[in-house]
Amino acid sequence: MLLASGAAWLTGACSDSTDRTQGIRAALRFEPAPHVGTVHCTVALTDASGDLAACTDVELEATMNHAGMVPVFASAHPEGDGVFTSTLEFTMGGDWILFVRGKTDDGRAFETVSDVPGVRHLPKTAAPDSVPAPGPGE
Amino acid sequence: MSLRPSPHGHTALPRLDWLRLPLIGGFLRWKHARLGMQSVMAVLAALLVVEGLFGPELAPKNLSTLLVWVYWRGALVLGLLLLGNVFCMGCPLMLPRELFRRIREPRRTWPRVLRRKWIGLGLFALALFTYEWLDLWASPAATAWAIIAYFAAALFVDALFRGASFCKWVCPVGQFNFIASTLSPFEVKARDHTVCQSCTTKDCIKGTFEAPAAASTTAPRRVQRGCELDLFLPAKVGNIDCTFCLDCVHACPEDNVAVALRLPAEELRVDPMRSGLGRLSNRSDLAALTVVFAFGALLNAFGMVGPVYALQRCMAARLGTESDFVILGILFVLGLAVLPLITVGATAWLADRKSGQEPQAGALARAFSHARRFSFTLAPLGFGVWLAHYCFHFLTGLWTFIPVAQHAAERHGLSGLGRPQWGLGGLHEAWVWPIEVGFVLFGLIGSLAVTWSLAERDFGVHRARAFRPWAGLHLVYACTALWLLAQPMEMRGTFL
Ligand code: SF4
Ligand code: SF4
Ligand SMILES: [Cu+2]
């Protein structure tokens, strides 16, 4: 029984590690710089050739890599030409992970992953500048 | 009702005995109750290993990391607080050795020189270190390997040595449970000591043997184990070293064992000869274990707040190293050895001097034995901080198993549980904060009460002078804990 459930788990997991980007890359820009609290995020989606990709149904999921973390979701509004804007709430300091999910113009579901490291608690007085966060692979 | 401790540490309390409860009592008296609990836990452990190795790589979406680091740790400390050492009672680590011992009984006994807690203490510190170093809370695969390694170690030790050698001398979780369970409200104990006095068989420690056939030359076969942790019921005091395995319950022919209500921490206020332990005031190893238990609680909480990263970056810059291992290693040596030695040592020295003892040769030795005696007063505070920290994760992530289980079912093509509801979290941090403060204060009150009792016994009229320095240490400890727990949580993959 253990073996059977083990095998079932294994096969279930294999689909998990496939590349789901469909060649899409996401470049992120935060306004203000990522900090604990509400942050505006601009996402530029490009295809394999580096051109802006017109995608649909785009949504963001921000999470952290530790057990018990409750992820944060936000829908993204199309601004035309593969550029989307959204508002995210970082609920905790530390290293965040941002998933961008949506559909390509030919209807294939994609998912990209980006790191948003070192999200800090804002000192009560400071007004942060706008700093772009690294995109995938940077 | 008066709450007066007897020399054995038994205060008169209303009789409440798990074994006399309807249903639960019947189940626990069933000879295979532990095996039943262990089997369920072992299946769960196997699933966690498979999920850890082959499930989602992201820790918050993996059942293995979630169930181990959020739920198991929370349930562990809450079980200790509300009941007793219930994890050891159903511990799955003991299942492989039960099976192995059906094939081959080990012959060796645990070496005499190792019959102290030093190995267990070292492994407890190592477990805390490994947790930080390998980011176990963030790594399902590492969590799975930790479970596998733990099972292998338990089997290895208990395949070589007789009795519960792994539990008593090696297991870090066990050592944690033994110290924490001094604060538990239930204890396995003899129901009526006069019955023990007239007992001739002592089955609870020796085990029960089948009466040999009249002409048989073979040794009688043991049909029920006695206490494998060397705790002889009539002389057993408190919960230290008791795994709640209930072997003694099944062995006692007089049905004279109870899992009974008692006053938490009371066992720390008395110092009789204890079966399997001797006097606590002679046990440097147990005193050191208690100190590491308490300072480990602070260090473990420190590991997840912002200031630790600032400190680590600063240390990295000063030392010119980027090695997590080195920086963490230094932090652990400071936090678990240097700081406790200085603070506990200085407090003991001060308390000893203040309590009116003439300075004389051997003052150092006296301060040492004073430190050894009073180190146990840190147990309630340490437990309070472990409770506060683990309950924070448990309560703020209370419902997170629902979406993670839904996600797991979905991955395996089972749609019955519905789409994962990722928004489900737990209690708001603002609600959990008073609970955390409550636990730390509960620990502080316990530590102060135990200190006062010990000071009264040891120093009579000078008790207040001996009490004050220790109370000071406890206050500083409690304030540090509250400050740490008040820091916003920060989670980093790496600090550099
Ligand atoms: S001491 Fe360790 S191995 Fe033994 S029952 Fe407790 S947790 Fe399990
Ligand atoms: S047999 Fe020993 S360890 Fe087990 S419950 Fe009895 S006293 Fe505790
Ligand atoms: Cu934590």
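Residues numbered from 1 in each chain as written. Chains lettered and ligands numbered in written order. Predicted model: local features only at pLDDT ≥ 70, side-chain atom pairs only at ≥ 80, totals over all residues. Heavy atoms only, no water.

Naming follows an unreviewed UniProt entry, where chain B appears as Quinol dehydrogenase membrane component of Saltatorellus ferox. For the record of chain B, the UniProt heading Subcellular location (unreviewed entry) holds the text "Cell membrane". (UniProt positions renumbered as here; feature names shortened; annotations may be inferred.)

The name recorded for chain A in an unreviewed UniProt entry is YtkA-like domain-containing protein, from Saltatorellus ferox.

**Student:** I tried to follow the overall build of chain A on my own but got confused; where do I start?
**Tutor:** Each helix and strand counted, chain A has one helix and eight strands in total. When the helices and strands of chain A are listed from N to C terminus, the series reads α-β-β-β-β-β-β-β-β. When each of the 138 residues of chain A is scored for burial, the buried share is 43%. Of the contacts formed within chain A by residues at least 6 apart in sequence, a portion of 58% connects residues at least 24 apart. (Helix = DSSP H or I, 4+ residues; strand = E, 2+ residues; numbered from the N terminus. Buried < 20%, exposed > 50% of the residue type's maximum accessible area, 1.4 Å probe, protein only. Contact = heavy atoms within 4.5 Å.)

**Student:** Can you walk me through the site of ligand 1 in this structure?
**Tutor:** Residue and element names in this part refer to chain B. Near ligand 1 you find Arg-34, Phe-87, Cys-88, Cys-91, Leu-93, Met-94, Phe-166, Cys-167, Cys-171 and Gly-174, and these make up its full shell. Put simply, the parts of the chain that give the shell around ligand 1 at least two residues each are α4 (86-89) and α8 (165-170). For the shell around ligand 1, the per-class residue count stands at eight nonpolar, one polar and one charged. (Near = heavy atom within 4 Å. Nonpolar A, V, L, I, M, F, W, Y, C, P; charged D, E, K, R; others polar.)

**Student:** Would you mind showing me how to read the pairing of strand β1 (residues 25-31) of chain A here?
**Tutor:** Strand residues, when the strand is regular, have side chains that alternate between the two faces of the sheet. Only one face of β1 of chain A is covered, namely the face carrying Ala-26, Leu-28 and Phe-30 of chain A; the face carrying Arg-25, Ala-27, Arg-29 and Glu-31 of chain A is uncovered. What sits between β1 of chain A and strand β2 (residues 37-46) of chain A in their antiparallel hairpin is a turn of five residues. (Pairing = 2+ DSSP bridges.)

**Student:** Teacher, can you tell me more about the coordination of the copper ion (ligand 3) here?
**Tutor:** Under perfect tetrahedral coordination by four donors, a metal shows angles of 109.5 degrees; under perfect octahedral coordination by six donors, it shows angles of 90 or 180 degrees. Residue and element names in this part refer to chain B. On the protein side, the copper ion (ligand 3) has Met-304 (SD), His-389 (NE2) and His-393 (NE2) as donor atoms, found 2.0 to 2.1 Å from it. For the copper ion (ligand 3), the donor residues sit on a single chain with the sequence spacing M-x84-H-x3-H. Of this pair, Met-304 sits in the loop between α14 (284-302) and α15 (306-319) while His-389 sits in helix α18 (residues 378-396), and the two are 85 residues apart along the sequence. Across the pair, exposure class does not vary: Met-304 and His-389 are buried alike. (Donors = N, O, S within 2.8 Å, 3.2 Å for Na, K, Ca; no water.)

**Student:** How should I be thinking about the sheet that holds β1 of chain A in this particular structure?
**Tutor:** Two pairing modes exist for strands in a sheet, parallel and antiparallel, and in both the strands are linked by backbone hydrogen bonds. All names here are of chain A. Here we have four strands laid out as an open sheet, ordered β1-β2-β6-β5, and antiparallel in their pairing. Edge positions in the sheet fall to β1 and β5 (77-78), since each of these pairs with one other strand and no more. With seven bridges connecting them, β1 and β2 associate as antiparallel partners. Within β2, the residue paired with Glu-31 across the bridge is His-40.

**Student:** What is the right way to read the interface of chain A and chain B from this model?
**Tutor:** Accessible area lost upon the coming together of the parts is a frequently used measure of interface size. Each partner contributes to the interface: chain A provides 30 residues, whereas chain B provides 35 residues. One can count one salt bridge joining chain A with chain B. Put simply, chain A and chain B have four residue pairs in polar contact (both at pLDDT 80 or more) between them. Broken down by secondary-structure element, the contributors of at least two residues to the side of chain A that touches chain B are α1 (2-14), β3 (56-64) and β7 (93-103) of chain A. No other element matches α1 of chain A, which puts eight residues into the side of chain A that touches chain B. Along the lines of polarity and charge, the residues of the side of chain A that touches chain B split into 14 nonpolar, eleven polar and five charged. Bridge analysis of β7 of chain A against strand β5 (residues 490-491) of chain B gives two bridges, and the strand direction is parallel. (Salt bridge = Lys/Arg side-chain N within 4 Å of Asp/Glu carboxyl O. Polar contact = N/O pair within 3.5 Å; in protein donor to acceptor, adjacent residues only side chain to side chain.)

**Student:** Would you mind showing me how to read helix α2 (residues 33-54) of chain B here?
**Tutor:** Over its 22 residues, α2 of chain B extends 32 Å from the first C-alpha to the last, a length consistent with the 32 Å expected when each residue adds 1.5 Å. Every buried residue of α2 of chain B is listed here: Ala-33, Arg-34, Gln-38, Ala-42, Ala-45, Leu-48, Val-49, Val-50, Glu-51 and Gly-52 of chain B. (Expected span 1.5 Å × (residues − 1).)

**Student:** It is not clear to me how unusual backbone geometry should be interpreted in this structure. Could you clarify?
**Tutor:** In most cases, non-glycine residues show a negative phi, while peptide bonds are predominantly trans. Cis rather than trans, the peptide bond between Glu-31 of chain A and Pro-32 of chain A has omega equal to -10 degrees. One non-glycine residue with positive phi stands out, namely Asp-81 of chain A, at about 60 degrees. With respect to the secondary-structure elements, Asp-81 of chain A resides in the loop between β5 and β6 (83-90). Positive phi is not limited to glycine here, since Asp-135 of chain B has a value of about 45 degrees.

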